[in-house]
Amino acid sequence: MTIDLHNWTSADREALMTLCNAVDRTFLSDRLPYPYTEADADLWLGMVAENDGKEGVWRAIVADGQIVGSISVERMAEKQRNSGSIGYMILTPFWSQGIGTEAVRQICEVSFRELALERIVGEVFPENLASARVLEKNGFRLEETKVGAIVKGGKAMDVRVYGQAFG
Ligand SMILES: CC(C)(COP(=O)(O)OP(=O)(O)OC[C@H]1O[C@@H](n2cnc3c(N)ncnc32)[C@H](O)[C@@H]1OP(=O)(O)O)[C@@H](O)C(=O)NCCC(=O)NCCS
């Protein structure tokens, strides 16, 4: 299987909507709209076109030519501008085939090159063992657990912070 990261374009609107409406949201933050509409897709693709390479890198995960997921590293604010925050999601039928691990490897390379970051962090709910594993396999280490730090579905959840620094 070939696994590549592609820049998002307006031609990907349908694939983006399919992805965002079908993805397993158990461990995703509440900021992803549901249902995910054409308007949501257009707004997001516009944001990406404006900010890619400056405030973040946003890519489609493409397996054997098909968009199966999304991955990004977003630059953090102000005094943490040397750091980026990683996020990713893959459609359930494509899990456990090494796609997430390879996508994280590639987006780390892209974001260090294009954003000149010195550090990337990923925030993971404690129960999301697959996500933690994908980060660990790419050299991220558990740095801290923030208790009750993220509200999801109206409930305060613990979050584990994984980080990797590049000197
Ligand atoms: C997290 C996610 C991207 C992982 O993608 P993936 O393509 O399945 O990842 P990979 O196949 O590269 O690796 C998954 C690893 O987790 C392990 N794993 C999967 N489910 C697991 C579980 N329930 N418990 C422990 N390990 C698990 C796999 O065995 C594999 O590790 P290994 O290679 O050492 O065997 C995918 O599950 C996903 O999109 N989830 C929904 C969205 C999400 O949670 N995003 C992250 C938010 S922080």
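Residues numbered from 1 in each chain as written. Predicted model: local features only at pLDDT ≥ 70, side-chain atom pairs only at ≥ 80, totals over all residues. Heavy atoms only, no water.

Engineer: Could you give an account of the overall build of the protein chain, with specific residues and numbers?
Structural biologist: Within the protein chain, the secondary structure is distributed over four helices and seven strands. When its helices and strands are written in sequence order, the protein chain yields β-α-α-β-β-β-α-β-α-β-β. The C-alpha atoms of the protein chain give 15 Å as radius of gyration, which agrees with the globular expectation for 167 residues (15 Å, within 12%). Summarising its shape, the C-alpha atoms of the protein chain cover approximately 40 × 35 × 35 Å along the three principal directions. Element-wise, carbon and sulfur atoms account for 51% of the exposed surface of the protein chain, whose accessible area totals about 9,100 Å². Averaging the locations of the 18 positively and 24 negatively charged side chains of the protein chain gives two centres separated by 5 Å. (Helix = DSSP H or I, 4+ residues; strand = E, 2+ residues; numbered from the N terminus. Rg over C-alpha atoms; globule rule 2.2 N^0.38 Å. Areas by Shrake-Rupley, 256 points an atom, 1.4 Å probe, with all protein chains shown as cover. Lys, Arg positive; Asp, Glu negative; His and termini not counted. Charge placed at Lys NZ, Arg CZ, Asp CG, Glu CD.)

Engineer: Break down the site of the ligand for me, citing the residues and quoting the values.
Structural biologist: Every one of the 21 residues lining the ligand counts as a neighbour, but Ile90, Ser96, Gly100, Thr101 and Lys137 are closest to it. The separation between a nitrogen atom of the ligand and a polar main-chain atom of Tyr88 is 2.8 Å. Within the backbone of Gly100, one N or O atom sits 2.8 Å away from an oxygen atom of the ligand. Secondary-structure elements contributing two or more residues to the shell around the ligand are strand 4 (83-90), helix 3 (99-115) and helix 4 (129-136). It is helix 4 that contributes the most residues to the shell around the ligand, five residues altogether. Residues that form the shell around the ligand fall into these classes: ten nonpolar, seven polar and four charged. (Near = heavy atom within 4 Å. Polar contact = N/O pair within 3.5 Å; in protein donor to acceptor, adjacent residues only side chain to side chain. Nonpolar A, V, L, I, M, F, W, Y, C, P; charged D, E, K, R; others polar.)

Engineer: So what about the pairing of strand 4? Which residues, and what values?
Structural biologist: Relative to strand 4, strand 3 (residues 66-75) runs antiparallel, the two sharing seven bridges. Each bridged residue has a counterpart across the sheet, and for Val73 the counterpart in strand 4 is Ile86. The pairing of strand 4 with strand 5 (residues 119-124) spans three bridges and is parallel. When the bridges of strand 5 are listed, Gly84 appears paired with Ile120. Considered for its hand, the β-α-β crossover made up of strand 4, helix 3 and strand 5 is right-handed. (Pairing = 2+ DSSP bridges. Right-handed = clockwise from strand over helix to strand, strands pointing away.)

Engineer: Give me the pairing of strand 6 (residues 141-152): which residues, what numbers.
Structural biologist: When strand 6 meets strand 7 (residues 155-165), the two strands line up antiparallel, connected through eight bridges. In the sheet register, Leu142 faces strand 7, and the bridge partner there is Tyr162. Where strand 6 folds back on strand 7, the antiparallel hairpin that results is connected by two residues, among which Gly153 adopts a positive phi of roughly 55 degrees.

Engineer: So, the packing of aromatic side chains: which residues are in play, and what are the values?
Structural biologist: In the structure shown here, the tally under the stated rule is two aromatic pairs. The interplanar angle of 85 degrees and the centroid separation of 5.6 Å between the aromatic rings of Trp8 and Trp44 together place this pair among those described as edge-to-face. Taken as a pair, Trp8 in the loop between strand 1 (3-7) and helix 1 (13-22) and Trp44 in helix 2 (residues 38-51) lie far apart in primary sequence, 36 residues in all. For Trp8, a relative accessible area of 9% translates into the label buried. Arranged with centres 3.8 Å apart and planes meeting at 55 degrees, the rings of Phe112 and Phe166 form a pair that is tilted. Of this pair, Phe112 sits in helix 3 while Phe166 is found in the segment after strand 7, placing the two residues 54 residues apart along the sequence. (Phe/Tyr/Trp six-rings, centres within 6.5 Å; stacked < 30°, edge-to-face > 60°. Buried < 20%, exposed > 50% of the residue type's maximum accessible area, 1.4 Å probe, protein only.)

Purely spatial values, then, with no claim about function.
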